[in-house]
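Inside the fold
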Amino acid sequence: MKINKIINNSIAIAGLMLISTSAIAGNGDRIGSAGATELLINPWARGISIGSSGVASDIGLSSTYTNIAGLAFTPKTEIMFDRTNWLAGANINVNTAGLAQRISETTVFSVAITSLSYGEIDITTVNQPEGGIGTFKPRANSFNVGLAHEFSQSIYAGFNLKVISESIANIKGNGVGFDFGIRYVTGEQDNIRFGIALKNVGPTMAYSGDGLASLIQYSETGELASLEQRADAFELPSLLNVGAAYDFNFTETDKLTLSGSFSANSFSYDQLRIGADYGKEIGNAAFHLMAGFVYEKGIFGKTYVVDGRATALSGLTAGLSVDAIVGESRNNLGIQYAYQAVNLFSGIHTIGLAISLN
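In this convention, every chain numbers its residues from 1, walking through the sequence in written order. For a predicted model such as this one, the threshold for reporting local features is a pLDDT of at least 70, and the threshold for listing and counting side-chain atom pairs is 80 or more; totals across whole chains, interfaces and linings nevertheless cover every residue. Only hydrogens and water are set aside; all other atoms, that is, all heavy atoms of the structure, feed into the side-chain values.

A few points about the pattern of salt bridges
We define a salt bridge as a side-chain nitrogen of Lys or Arg found within 4 Å of a carboxyl oxygen belonging to Asp or Glu. Under the criterion given, the structure shown has 7 salt bridges. Salt-bridge contacts for Lys137 lead to Glu120; the nearest nitrogen and oxygen are separated by 3.8 Å. With Lys137 in the loop between strand E5 (135-136) and strand E6 (139-150) and Glu120 in the loop between strand E3 (107-117) and strand E4 (121-122), this pair connects stretches of sequence that are 17 residues apart. Its relative accessible area of 48% is what places Lys137 among the partly exposed residues. Residue classification places Glu120 among the exposed residues on the basis of a relative accessible area of 52%. Here Lys199 ties to Asp179 by a salt bridge, and the two come within 3.8 Å at their closest N and O atoms. Separated by 20 residues along the polypeptide, Lys199 in strand E9 (residues 192-201) and Asp179 in strand E8 (residues 172-186) bring together distant segments of the chain. Numbering of helices and strands runs from the N terminus, with a helix taken as a DSSP run of H or I at least four residues long and a strand as a DSSP run of E at least two residues long. When accessible area is computed with a 1.4 Å probe and restricted to protein chains, residues below 20% of their type maximum are described as buried, those above 50% as exposed, and intermediate ones as partly exposed.

Rendered as structure tokens:
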């Protein structure tokens, strides 16, 4: 009876995922029409390593990107700092810091901030198109507050609020977005997992500031006036993630996790993701080797001089991590590295530090 119940529940969850993916499909005609696309960048090395396929497997702070429900699996306290060299050679960096804290036996709270730095750009004007009059630093930041709860030994859910801020020298835009996620765990060893997450849902954003104004002169009177252009509002890059994961528990200290997910994008092509994470403990150290692949329409085709993909966030990924296990409570101090191949530049490199207290 127990086995039948597990099978029935698994089939029901899988059916819901299939229905969801059929209901929301990527729209190639809307590529480029959304804004705040930095929200599509996974800032965590552990998640990038498996192609961001961990909708059903990521736990702790890493899950705040893929599926906030995974935050509920945080042991006690987790602190992470990650830095990404985005499109190596483009002089763009992504810096992320986060804290996850268990506040009860069933509830975990998190805060995280992600900041994109684009370096210095020369200020130019109509009269001085070559610059030489100073520089400015574009910024894109998001501040996240998450909450996840364990409703039973099988069902977990989470919610994430993100505050978005983008700015250049004289124009800025602010907005808010929301993520929602659910995870279902089953199997004799809790080694079968399903997840579903709705991301970047929220009101439209718009830019404002002095940069949208220009000085004009009326031809009839010769008087000068300030003319402000209206900036059209834009939507956030909303998407739906559904995924599954399976653990092969060889021993208590030797495990392989296979994960897969489907991303239904509202403003781009849909993506299929697969990932593998092999972990092994040796003495007081834990090692993980990870790899993944992100597939989207056109990745193997050719359009002009580059392949036909619509985003750099597809293709091969890989990574590794080393964690020192400290004390009787088995606290972890770890370092992670992730690499993602892209069709231009020299790839995406992320390095992170993590402290996990049990």
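Read on for the rest.
Focus: the packing of aromatic side chains
To describe a pair of aromatic rings, you give the distance between the ring centres and the angle between the ring planes. Any two rings among Phe, Tyr and Trp, with Trp reduced to its six-membered ring, count as a pair given centres within 6.5 Å; such a pair is stacked if its planes are under 30 degrees apart, edge-to-face if over 60, and tilted if neither. Enumeration according to the criterion identifies 5 aromatic pairs in this entry. Here the aromatic rings of Tyr207 and Phe234 are separated by 5.2 Å at their centres, their planes lie at 40°, and the arrangement is tilted. Here Tyr207, found in strand E10 (residues 207-208), pairs with Phe234, found in the loop between strand E12 (224-228) and strand E13 (239-251); they are 27 residues apart in sequence, far enough to count as distant. Residue classification places Phe234 among the buried positions, given a relative accessible area of 11%. The interplanar angle of 65° and the centroid separation of 4.8 Å between the aromatic rings of Tyr246 and Phe248 together place this pair among those described as edge-to-face. Judged by relative accessible area, Phe248 falls into the partly exposed class, the value being 34%.

Brief notes about the confidence of the model for the protein
When pLDDT is averaged along the protein, the result is 87, and 89% of the positions lie at 70 or above. Low pLDDT (under 50) marks residues 1-25, which in the prediction has 19 contacts with non-local residues, meaning those over four places away or in another chain. On a scale of 0 to 100, pLDDT captures the predictor's confidence in every residue. Should any heavy atoms of two residues lie within 4.5 Å, those residues are considered in contact.

Focus on unusual backbone geometry
Notably, Leu87 is not glycine yet its phi reads approximately 50°, a positive angle. Relative to the elements of secondary structure, Leu87 occurs in the loop between strand E1 (77-86) and strand E2 (92-102). Non-glycine residue Asn91 carries a positive phi angle of around 60°.

Regarding the environment of Arg30
With respect to the secondary-structure elements, Arg30 resides in the loop between helix H1 (2-23) and helix H2 (45-49). Classification of Arg30 by relative accessible area gives partly exposed; the value is 30%. Once the C-alpha coordinates of Arg30 and Ser268 are considered, the two residues, 238 residues apart in sequence, prove to be 6.5 Å apart. With residues up to four places along the chain from it excluded, the contact list for Arg30 reads Glu235, Ser266 and Phe267.

Let's talk about the side chain of Lys199
The exposure class of Lys199 is buried, given its relative accessible area of 2%. Between N or O atoms, a polar contact is any pair within 3.5 Å; within protein, one atom must be a potential hydrogen donor and the other a potential acceptor, and residues adjacent in sequence are included only when both atoms are from side chains. Here Tyr65 takes part through its backbone oxygen, which lies 2.7 Å from a polar atom of the side chain of Lys199. When residues no more than four places from it in sequence are discounted, the contact partners of Lys199 are Tyr65, Thr66, Lys162, Phe178, Asp179, Ser238, Leu239 and Asn241.

Brief notes about the nonpolar core
For our purposes a nonpolar core is just a set of buried Ala, Val, Leu, Ile, Met, Phe, Trp, Tyr and Cys residues, chained together by side-chain atoms within 4.5 Å. Ranked by size, the top nonpolar core spans 14 residues in total, and within it Trp44, Leu61, Leu71, Met80 and Ala100 carry the most contacts. With near-sequence residues (within four places) excluded, Ala100 lies in contact with Leu61, Leu71, Thr74, Lys76, Thr77, Glu78, Val108, Phe109 and Ser110. Within the second largest apolar cluster, 10 residues are counted, among which are Leu87, Ala140, Val342 and Ile348.

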